[in-house]
Amino acid sequence: MTQHSEGLADVLVVGAGPAGLTLAIDLAQRGVPCHVVEATEERGVNPRCNTTSARSMEIFRRLGLAGEIRRAGLPGDYPTSIHYRTTLAGEDIYRIDLPSAREVLAGEGKDGWPTPEPQHRISQLYLEPILERHAGTLPGLTLERGTRLVSLRQFDDHAEAVVETAGERRALRYAYVVGCDGAHSTVRRQLGIRYEGVDAIQRFVSTFVRSPELGRLAARDPAWTYWTYGRRIASLIAIDGESLWLNHVAFAPDHDTGGEDPEQLLRESVGKPVEHEVLGVVRWTGRRLVARRYRAGRVFLAGDAAHIWIPVGGFGMNAGIQDAATLGWMLAAVHHGWAPPELLDAYEAERKPVGEQFAAAVGAQARTSFADVPPEIHLPGPDGERARAEFAERLAVTEPRRYSPDGFSFGYHYAGSPLVVGGGHAEITMGDYQDRARPGFRLPHAWLDDGRSVLDVLGHGFTLLRVNPRAATTSWTRAARVLGIPLAVVDLPGRWPDRYPAELLLVRPDQHVAWMGGAEASPEQLLRTVTGRVPAHQR
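Counting of residues starts from 1 at the beginning of each chain's written sequence and follows it residue by residue. Under the rules for a predicted model, residues below a pLDDT of 70 receive no local features and side-chain atom pairs below 80 are neither given nor counted, while totals for whole chains, interfaces and linings still include all residues. Values reported for side chains reflect all heavy atoms of the structure, with hydrogen atoms and water molecules removed beforehand.

(A) Fine view of the packing of helix 1 (residues 18–29) against helix 5 (residues 124–135). Contact geometry for helix 1 and helix 5: axes closest at 10 Å, N-to-C directions at 25°. Judged by the inter-axis angle, helix 1 sits roughly parallel to helix 5. Where helix 1 crosses over helix 5, the two elements pack in a sense that is left-handed. For the pair formed by helix 1 and helix 5, the contact residues are Pro-18, Leu-21, Thr-22, Ile-25 and Gln-29 on the first element and Gln-124, Glu-128, Leu-131, Glu-132, His-134 and Ala-135 on the second. Note on definitions: angles span 0 to 180 degrees between N-to-C directions of axes, and those axes are lines fitted to C-alpha atoms, for helices only across the stretch in contact. Only DSSP runs of H or I with at least four residues qualify as helices, and only runs of E with at least two residues qualify as strands; both kinds are numbered from the N terminus onward. With respect to orientation, any angle under 35 degrees is reported as roughly parallel, any angle over 145 as roughly antiparallel, any angle of 65 to 115 as roughly perpendicular, and every other angle as oblique. Handedness of each helix crossing follows the sense of rotation of the near helix against the far helix: counterclockwise by less than a right angle gives left-handed, clockwise gives right-handed. Residue contacts are counted whenever heavy atoms from the two residues lie within 4.5 Å of one another.

As structure tokens, then:
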């Protein structure tokens, strides 16, 4: 790897949000020196994403952070349920009952889980400090707050970033730069890459409040989110399970929200006045936009810099964490020399189609979830009861997949990637997936006899899972040794033939299946393909 005169790092990560910090932690744990710069001096005070998906929790489990994250956020015994009501103080319409963090940590019902780490409701306010604290403990990882990127230039063997701290500018050299700097990304603008998609799906006014009275009212029937249907569709989200609440109110995409009074919006959501203190108000637009490119030369985009969409299903931040998990192992492979730089071409080939399909599915779900609500649900007596029952039937069809979006967690894939052998076309949907190993897909979870998940026994590099104990693996280990590719061989019990339908499964460092098959395999050719040394699929 080229040595840079400043000796800071081989990768510059611009932006210390969840995507940037996840990438930096992953790189550091893989032995890649990296430097993070963040323009803001302090983290934001307004809650943003409030859900960490099951797949993100699996990634954090691999990084050693899942337990700490699950113990943060809402109180351990607070339910993560979703309630739909006319107003918070009004009539109940429909509910989705979901477990508390304590129930998940205790493993209640774990034999039926599709994952070792179910989704977790935690505000970004609490998630980011955990990531940043952990980043600060890792050798080879440095983080500067109050440092902004000014400009980028690229050369044959490095990229030069000019950064500014307290009015002082300096030029730094890196092998690669990753823009994780949000929707208004300086990195993306420097590259001249535009978003494509729908610029406005819905407008919102989000009000962050402290209200012990609201907490006491909610405690009568606690939930993580209350959907209410006053003058506008709104969601009241529990941030700390006590006095901190976020009130999201939705408006049509052409509505001017500048004249909307946050105090009135809160009264309409609750159904009556409550004593409160406003901590912050944000007026924003839900969009569906994906960057035209995710890479230009030595510079990459991840997270909101690469894609933004309306937060239906909670997959804005979580898609960024997936970006980080994909790019992290690729940059590490190139850094350590067991894959060529051409491997990095696969990042955009893998992640951009996922971003586009996520965006389309989220947009479709938003149209359903924010469709017109029958005003009769507010009527007293039998007419109101009948209207609420009919509306509940509609919600029972549209909403469960939104709050358990297993397709987005376990069904997204890289089947068309040049690094995947034997993949085929499969549409990504929000709620559906197959709990069966397939090339390009995340390896399905199963509990082993010692209490670990199959995902826990994977190596740091590639892993060859042997389902048939008689299958020979010597040629695989020999080929990996010759090519310098880290490869662990792990025996897997054969009692899940439907879940792992092959004698051998080659799993990538990001826990996605690269190939499945048996004795007919040509290990050297396969290993060359999955590390980007040959350009074409081997079918």
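Past the structure itself, the notes keep going.
(B) View of the sheet that holds strand 4 (residues 92–96). By this definition, two strands are paired if DSSP reports at least two bridges between them. With mixed pairing, eight strands are arranged side by side in an open sheet as 4-3-11-12-13-10-14-17. Only two strands of the sheet have a single neighbouring strand rather than two, namely strand 4 and strand 17 (307–309). Shown here is a sheet whose adjacent strand axes are inclined to one another by a mean of 25°, direction ignored. As paired elements, strand 11 (residues 225–229) and strand 12 (residues 233–238) share five bridges and run antiparallel to each other. By the bridge assignment for strand 12, Trp-227 is matched with Ser-235.

(C) Quick look at the packing of helix 2 (residues 54–62) against helix 9 (residues 315–335). One way to put it is that helix 2 packs onto helix 9 with a least axis distance of 9 Å and a crossing angle of 40°. On the basis of the axis angle, helix 2 is oblique to helix 9. Considering how the two elements wind past one another, helix 2 and helix 9 form a crossing that is left-handed. From helix 2, Arg-55, Ser-56, Ile-59, Phe-60 and Arg-62 reach across to helix 9, where they touch Asn-318, Ile-321, Gln-322 and Ala-325. Three residue categories are used. Nonpolar comprises Ala, Val, Leu, Ile, Met, Phe, Trp, Tyr, Cys and Pro, charged comprises Asp, Glu, Lys and Arg, and polar comprises the others, including Gly. Looking at side-chain class alone, the contact of helix 2 with helix 9 contains four nonpolar, three polar and two charged residues.

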